[in-house]
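Okay, here's what each chain looks like letter by letter:
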Amino acid sequence: MASMTMIEAIREAHDVAMAADDRVVVFGEDVGFFGGVFRCTAGLQAKYGKSRCFDTPINESGIVGTAIGMAAYGLKPVIEIQFADYVYPAYDQIVSEAARLRHRSNADFTCPIVIRMPTGGGIFGGQTHSQSPEALFTHVSGLKVVVPSNPRDAKGLLLASIEDPDPVIFLEPKRLYNGPFDGYHDRPVTSWKKHPKGEVPEGNEIAPLGKASITREGSDVTVLAYGTMVYVAEAAAEAAGIDAEVIDLRTLLPLDLDTITASVEKTGRCVIVHEATRTSGFGAELMSLVQESCFYHLEAPMIRVTGWDTPYPHAQEWEYFPGPARVGEALKKVMEG
Amino acid sequence: MSDDFPPLSLNVPEPGCRPGSTPDFSDFEIPRAGAVKRPPTDVEPDSIRDMAFSIVRVLNKDGETVGDWAGALSAEELREGLRHMLTLRTFDARMLNAQRQGKTSFYMQHLGEEAVSCAFSRALRPGDMNFPTYRQAGLLIAGGYPMLTMMNQIYSNADDPLHGRQLPIMYSSKEHGFFSISGNLGTQFVQSVGWAMASAISGDTKIATGWIGDGSTAESDFHSAMVFASTYDAPVVLNIVNNQWAISTFQGIARGEVGTFAARGHGFGIASIRVDGNDYLAVHAVAQWATERARRGHGPTLIEHVTYRAGGHSTSDDPSAYRSKREAAAWPLGDPIERLKKHLITIGEWSDERHKQAEAEILDEVIATQKQAEAIGTLGGGKTPSPRDMFEGVYETMPPHLIRQRQEAGY
C-alpha cells in the first residue's frame, strides 16, 4: 500500500497495465511528452516509448476514431479526452461506432477501449471545463460508464476498465484529483494523504465494474451518489445529524441495482445526488429504477439534488453546485415525508 | 476606401445538367491514356502535385494499354477481373430485384463502379484491412468471400453471420479484411488510419485502406483521417470514390467549384492521385503503387477514383428526379466492364461469344446461390434469426439490466 493522490493512482494504473500488456497504448492531447494537463500520464512516454504513449492533434473524433481502428487491429487503447466538455466532437465515433461495433459485426470486430476524461466542476472552470455528461453515455447501449471517487477505486476501476472487452467511458471527477471534497469550498482543502481511500494497493488489484460501495452505513435514508457527490452527501448527513446510508455507485452502467434495492428496502427513503443537470439526468434513471423495484418500501417521495438546468456558470459556481446545504435540506425533507 | 458595399449574395453550386436538359461533360478534362507518368513509390508528395489534377489512365479508346502504368496484369488475371465485375453486376441485379419482390428491405448496387473495388482488391495481401463504405462489395466478390453468405446477410435469414442486426449489405468479415460497415458516413475513414497506426505500432507489415464517397469528404472525419494519417505517416491508402452524386447532391456541393477531391491531400503533404475509376487496369496499377508505398513505410496515399454512379443511390432513390436519364450514357469514361472486355478482345484474349458464355455461367451461378439462400429464408420468411439475438452481443457478457429486459420481452 502507498499513499497516493487520484492522479498518481490513475498514472499507476496506466503503468501497471502497460507493463503487463504490450497491446495497451495511451494517447491524447498533451498526453505524451508533457504527461497530460492533469499529469495523469506523466512519465509513461519516457518509460514505454513514443509509439505506446504519444501526443495527438486536437481532434477528439480523430482520437476516438483511430482508437477504434487500433482496437479492431487488436490493441487496447486507453485514451484521454482533455476535459469531458470536449468529448462532443467524438460523440458520433463513440455512439455510432465504438458502442455498436460488437453487436453490428456479431463480435467479428470488438472495441476494447477506455475513454478517460476529467469531469465535474468545483474548480472555477466555467461552462467548458465543468460538465458532467455521464447521462449522454449511460443512454447508449454498448457502453460502460465508470465514475471513481477516490484513489483506491480510481486505480482498481481503471485496471478493470482496461481489462474489459468492451468500450468504457471513464469519468474522473477533477475536483477529487488532489483530495476529497465535501462541497465546503470556503474551508481549507484536504489531501488524500489523510484519507484511508488514499491508500492504494500495489500491483494489479482490480475493482470489478458493476459493484457499488456503501461508504457510510445508516438506517434512515439511502443516498445514491457518485464522484464528488459522495463526500458532499457524507458531509451533509453529518451536518444534518441524519443516519443516512451513502452508496457510491462507482459504475453507472452496469449498475449495481441489488445494493441499491437492499438499502432502500431497509431505509424506506431515498435521495439522489448528482452534479449534472437535472432534466433527463442519470438521477431520473435511478429514480425510475428505485420506483420500479422498491415502491412498496418507500415511506416518502424520493428527492433529486442536482446541478440546475443551466450551463455550468463561472462566478455562480457555488450557487450551481449541489453542495452540503442543499443536500442537507433534501435529507431533512425526505425524513419529514 | 469607399464604404459603398453592394449586397452580398450566396453561391450555391449547381450541376451542369438536371432532368430534361442535355448532359454536357465538355468541362470535364480527360487526359489521354498513358499521359501521366508513374513515379517511384517513395516519391516526395510535393513533386507529384500535378497528379491530383490529372487522371491516371491505362486503356485508350481503342482498348489498348498505353504508358508506364500498363503491363502489371496477365491476360488470365484480366479475365478473372472481368469475371469479378460481371459477377458483382449480376449479383447486384438479382439482389435489386429481390428487394423489389419484398425479400429484403433495402439494397445498394455498384452499377458503373465495379472496377474500383474489384481491381483494388487485387493489390491487397492477406491480413490487410479495408474500411469500406456500402459500395465496395467488389472487395468481397474479388476476395473470394462466399456469395451465399452475402445473400444470407442481405436476407437477414437464420444463416446471416450478423444475426439480422445490421441493414442489408452492411457486411463484416475480419477474415476477408473487410471491416464492419457502419452506415454512418465517413466514420470508417479515420478508423482505417487508426488500424494502420496499430500495424506500425506493432511492427507489423500489414496495411489498411480507407474508403469514402465524394459527398462524405465534407464530413469532419475526412479531415481527422487526413490529419492523423499525415502526422503519423500511417501505412494506409485513403480512397475517395467520386461517383459524381451523393444521393441527389452533385459532387460540387462537397467539393465547391475549385480543384479536385484529390487535391485536398496537398495541404496535408499526402501523395495524392486521381485515377480513371472505370479503367480496371488503371485502378489496379494505382492501387499497387499506393499499397507498395504504404507497405514500404513511405506513407499514406490519397486516391480519387473518378467514376460515375450509373444507378440509384439505393433502392429508396429515384435519380430521374434530380438528374438527366441520359447522363449515365453520356459519362465520358464509359463502362468498366465494356472497356475491359474490349481490351481483352483487342489483344486476342477474349471474344463476344466467350463473354456471352461467361455472363450465362455467372447468371446460373448467382441464381443457384440465390435459391440456396432463399431456401434458408428471406426477411421475415423461412428460417430467421431469433429475437433473442437482438439482446446478445451488446456486451461480451450480458449485464443484469439487459437480462431483465430480455426476460421481460419473453425471450
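Definitions and cut-offs
Chains are numbered independently. Their residues run from 1 in the order of the written sequence. Chain A is the first chain written and ligand 1 is the first ligand written, with later ones labelled in order. Only residues with pLDDT of at least 70 are given local features in this predicted model, and only at 80 or more are side-chain atom pairs given and counted; all residues enter the totals for whole chains, interfaces and linings. Labels follow the DSSP assignment, with helices taken as runs of H or I lasting at least four residues and strands as runs of E lasting at least two, numbered in each case from the N terminus. Residue burial here comes from a neighbour count, namely the number of other C-beta atoms, placed from the backbone, that lie within 10 Å of the residue's own C-beta, with 20 or more meaning buried, 12 or fewer meaning exposed, and in between meaning partly exposed. The contact rule is simple: place each C-beta atom from the backbone, and if two of them lie within 7 Å, those residues are in contact. Put simply, the radius of gyration uses C-alpha atoms, and a globule should come to 2.2 Å times the residue count raised to 0.38. UniProt positions are given in the numbering used here, feature names are shortened, and annotations may be inferred rather than shown by experiment. Residues are grouped as follows: Ala, Val, Leu, Ile, Met, Phe, Trp, Tyr, Cys and Pro are nonpolar; Asp, Glu, Lys and Arg are charged; every other residue, Gly included, is polar. Each nonpolar core comprises buried Ala, Val, Leu, Ile, Met, Phe, Trp, Tyr and Cys residues, the members being joined through C-beta atoms within 7 Å. Any two strands are treated as partners once DSSP identifies two or more bridges connecting them. Every axis in this analysis is a line fitted to C-alpha atoms, fitted for helices over the stretch in contact. Angles between the N-to-C directions lie between 0 and 180 degrees. When the strands point away from the viewer, a crossover counts as right-handed if the route from the first strand across the helix to the second turns clockwise. Roughly parallel covers angles under 35 degrees, roughly antiparallel covers those over 145, roughly perpendicular covers 65 to 115, and oblique covers all other angles. A helix is expected to span 1.5 Å for every residue after the first. Think of the arc as the fan of directions from the helix axis to the C-beta atoms.

A. A look at the overall build of chain A. Counting its secondary structure elements, chain A contains 12 helices and 14 strands. Over its C-alpha atoms, taken along the principal directions, chain A stretches across nearly 60 × 45 × 40 Å. Residues classed as buried in chain A amount to 60% of the 337 residues present. Considering only contacts in chain A between residues 6 or more positions apart, those separated by 24 or more positions represent 77%.

B. Representation of the overall build of chain B within the structure. A count of helical and extended segments in chain B gives 12 helices and nine strands. On C-alpha atoms alone, chain B measures out to a radius of gyration of 22 Å, which is about the 22 Å that the 2.2 N^0.38 rule sets for 411 residues. With the principal axes as the frame, chain B shows a C-alpha extent of 75 × 65 × 55 Å. Going through the 411 residues of chain B one by one, you find that 51% of them count as buried. For chain B, the proportion of contacts with a sequence separation of at least 24, taken over those separated by at least 6, is 76%.

C. Fine view of the UniProt feature "domain: Dehydrogenase E1 component" (unreviewed entry) in chain B. The UniProt record annotates "domain: Dehydrogenase E1 component" (unreviewed entry) at residues 83–376 of chain B. With 44% helix and 11% strand, residues 83–376 of chain B has its two end C-alpha atoms placed 27 Å apart.

D. Region of interest: helix 4 (residues 147–155) of chain B. Residues and elements named next belong to chain B. Here helix 4 lies mainly inside the structure; seven of its nine residues are buried. Considering only its buried residues, helix 4 is in contact with helix 1 (75–100), helix 3 (138–142), helix 11 (352–376) and strand 8 (377–378). Once helix 4 ends, the next one or two residues include Ser 156, with phi positive near 50°.

E. Broad picture of the UniProt feature "domain: Transketolase-like pyrimidine-binding" (unreviewed entry) in chain A. Look at the UniProt record and you will see "domain: Transketolase-like pyrimidine-binding" (unreviewed entry) annotated at residues 4–179 of chain A. Counting secondary structure, residues 4–179 of chain A comes out at 36% helix and 16% strand; the distance between its end C-alpha atoms is 10 Å.

F. Region of interest: the interface of chain B and chain A. Facing the 36 residues of chain B at the interface are 36 residues of chain A. If you list the elements that add at least two residues to the side of chain B that touches chain A, you get helix 5 (187–201), helix 6 (220–232) and helix 12 (400–409) of chain B. In terms of residue count, helix 5 of chain B provides more of the side of chain B that touches chain A than any other element does, 11 residues in total. Among the residues making up the side of chain B that touches chain A, the classes are represented as 15 nonpolar, 17 polar and four charged.

G. The arrangement of the nonpolar core in detail. Within the largest apolar cluster, 208 residues are counted, with the highest numbers of intra-cluster contacts made by Val 223, Ala 233 and Val 271 of chain A together with Val 286 of chain B. No other element matches the 10 residues that helix 8 (residues 280–295) of chain B contributes to this core. Residue contacts for Ala 233 of chain A: discarding those within four places in its chain leaves Val 223, Ala 225, Val 246, Val 273 and Val 327 of chain A.

H. Region of the structure containing unusual backbone geometry. All names here are of chain A. With omega at 0°, the peptide bond leading from Leu 253 into Pro 254 counts as cis. Note on placement: Pro 254 falls in the loop between strand 12 (251–253) and helix 9 (257–267). Phi angles above zero are rare outside glycine, and Asn 106 is one such case at about 50°. Note that Asn 106 resides in the loop between helix 5 (101–104) and strand 5 (114–119). The backbone of Ala 107 sits at a positive phi, close to 65°, despite the residue not being glycine. With respect to the helices, strands and loops of the structure, Ala 107 is situated in the loop between helix 5 and strand 5. Overall, the presence of 15 C-beta atoms within 10 Å leaves Ala 107 in the partly exposed class.

I. Main features of the sheet that holds strand 9 (residues 213–216) of chain A. Residues and elements named next belong to chain A. Spatially, five strands are ordered 9-11-10-13-14 in an open sheet, and the strand pairing comes out mixed. Each having just a single partner strand, strand 9 and strand 14 (303–307) make up the two edges of the open sheet. Each adjacent strand pair in this sheet contributes to an overall mean axis angle of 25°, direction not counted. The pairing of strand 13 (residues 270–277) with strand 14 spans four bridges and is classified as parallel. Looking across to strand 14, one finds that Val 273 is bridged to Val 305. The sheet strands contacting helix 8 (residues 229–240) are strand 9, strand 10 (221–225), strand 11 (244–248) and strand 13, and the helix crosses strand 11 at an angle near 175°.

J. Molecular detail of the pairing of strand 13 of chain A. Residues and elements named next belong to chain A. When you tally the buried positions in strand 13, you get eight out of eight residues, the bulk of the element. By the bridge criterion, three bridges tie strand 10 to strand 13 in an arrangement that is parallel. Looking at strand 13, one finds that Thr 222 is bridged to Cys 270. Of the crossover connections in this fold, the one passing from strand 13 over helix 10 (residues 282–294) to the parallel strand 14 is right-handed.

K. Looking closely at the sheet that holds strand 7 (residues 168–173) of chain A. Residue and element names in this part refer to chain A. The seven strands lie next to each other as 3-2-4-5-7-6-12, forming an open sheet whose pairing is mixed. Each edge of the open sheet is held by one strand with a lone partner, namely strand 3 (53–55) and strand 12. Between one strand and the next, the sheet's axes are offset by a mean angle of 20°, whatever the strand orientation. Relative to strand 5, strand 4 (residues 76–80) is paired through three bridges, and the arrangement is parallel. Bridging from a neighbouring strand, Glu 80 pairs with Arg 116 of strand 5.

L. How the structure looks around the UniProt feature "domain: 2-oxoisovalerate dehydrogenase E1 alpha subunit N-terminal" (unreviewed entry) in chain B. The UniProt record marks residues 6–46 of chain B with the feature "domain: 2-oxoisovalerate dehydrogenase E1 alpha subunit N-terminal" (unreviewed entry), using the residue numbering of this structure. Taken end to end, residues 6–46 of chain B is 0% helix and 0% strand, and its first and last C-alpha atoms sit 40 Å apart.

M. Focus on the packing of helix 3 (residues 60–73) of chain A against helix 6 of chain B. Relative orientation of the contacting elements helix 3 of chain A and helix 6 of chain B amounts to 70°, with a least axis distance of 9 Å. With respect to their mutual orientation, helix 3 of chain A and helix 6 of chain B come out roughly perpendicular. Here helix 3 of chain A contributes Ser 61, Gly 62, Gly 65 and Thr 66 of chain A to the contact with helix 6 of chain B, which in turn contributes Ser 220, Asp 221, Ser 224, Val 227 and Phe 228 of chain B. Along the lines of polarity and charge, the residues of the contact of helix 3 of chain A with helix 6 of chain B split into two nonpolar, six polar and one charged.

N. Structural detail: helix 10 of chain A. All names here are of chain A. With 13 residues, helix 10 extends 18 Å between its outermost C-alpha atoms, agreeing within 8% with the 18 Å of an ideal straight helix rising 1.5 Å per residue. Buried within helix 10 are the following residues: Phe 282, Gly 283, Leu 286, Val 290 and Cys 294. Down the axis of helix 10, the smallest arc covering the buried residues is 100°, so these residues share one side. The outward face of helix 10, more than 90 degrees from its buried face, is lined by the exposed residues Ser 288 and Glu 292. The secondary structure elements touched by the buried residues of helix 10 are helix 6 (134–138), strand 10, strand 12, helix 9, strand 13 and strand 14.

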